[in-house]
Amino acid sequence: RWSWPQFVKAATQPKVGRCFASVIRRILANGQNYSRERMTTIRSLLTVVHDTLYLQSVEYAIAIVDGGILGPLIKAVAMEPVNSISDPSLACEVLMTMLPYLVYDKMVETCRGAFEGMQHQQTKNLLGKTRREFQASWKVFEDVLLERSILSRLSKRGFAPELGVCASVSMIFNTSI
């Protein structure tokens, strides 16, 4: 018999997070029959994903991105009624909760891979159907991801190793400090 603590422990496992992302992706994949019940299921799954991200498990964050949550997140928001609640959308909150995980190189690599796997024209069209609030959150997420990608690549090539940008001056100008 399951108890509440066992459910919480199970829900926070990266494998389960990947499963949640997969379920959301599959519900939205068929392109038809987006009933109220299906959208309620997606909202419920996003709530669990969002709340679990607060537990600060980078493995969980990587698993949900690797499970393909980013594309379906846009699609789910594009299907929200325009006159929905005025509070921030749950999808915006999921994106903003994932931002701190972008300090980890593995998360950056996983997100970059997810972005590369998305069909850019379809993503652009879907983003155009979302609320401005989500578009702004998506833009922030993209900007932070780009910034962290650049910093990660520079760091891997020897620029700015732990001592800051000024530490790389000698590498840039071939001088010793």
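**Side note on the overall build of the protein**
Logical step 1: Counting secondary structure elements, the protein contains 10 helices and 0 strands.
Logical step 2: Secondary structure elements in the protein, listed N-terminal to C-terminal, are α-α-α-α-α-α-α-α-α-α.
Logical step 3: Per-residue burial over the protein gives 37% buried out of 177 residues.
Logical step 4: Of the roughly 11100 Å² of accessible surface on the protein, a fraction of 57% belongs to carbon and sulfur atoms.

**Focus on the pattern of salt bridges**
Logical step 1: Applying the stated criterion across every chain yields a total of 5 salt bridges.
Logical step 2: One salt bridge connects Asp66 with Arg18, and the closest N-O pair in it is separated by 2.6 Å. Here Asp66 is found in helix α4 (residues 58-66), whereas its partner Arg18 is found in helix α2 (residues 14-29), with 48 residues between them in sequence.
Logical step 3: Looking at Arg18, the relative accessible area reads 36%, which means it is partly exposed.
Logical step 4: As a salt-bridge pair, Glu109 and Lys156 come within 2.9 Å of each other at their nearest N and O atoms. Of the two residues, Glu109 sits in helix α7 (residues 105-117) while Lys156 sits in helix α9 (residues 132-156), which places them 47 residues apart along the sequence.
Logical step 5: According to the relative accessible area criterion, Lys156 is exposed, its value standing at 54%.

Quick notes on the rules
- Residues numbered from 1 in each chain as written.
- Predicted model: local features only at pLDDT ≥ 70, side-chain atom pairs only at ≥ 80, totals over all residues.
- Heavy atoms only, no water.
- Helix = DSSP H or I, 4+ residues; strand = E, 2+ residues; numbered from the N terminus.
- Buried < 20%, exposed > 50% of the residue type's maximum accessible area, 1.4 Å probe, protein only.
- Areas by Shrake-Rupley, 256 points an atom, 1.4 Å probe, with all protein chains shown as cover.
- Salt bridge = Lys/Arg side-chain N within 4 Å of Asp/Glu carboxyl O.

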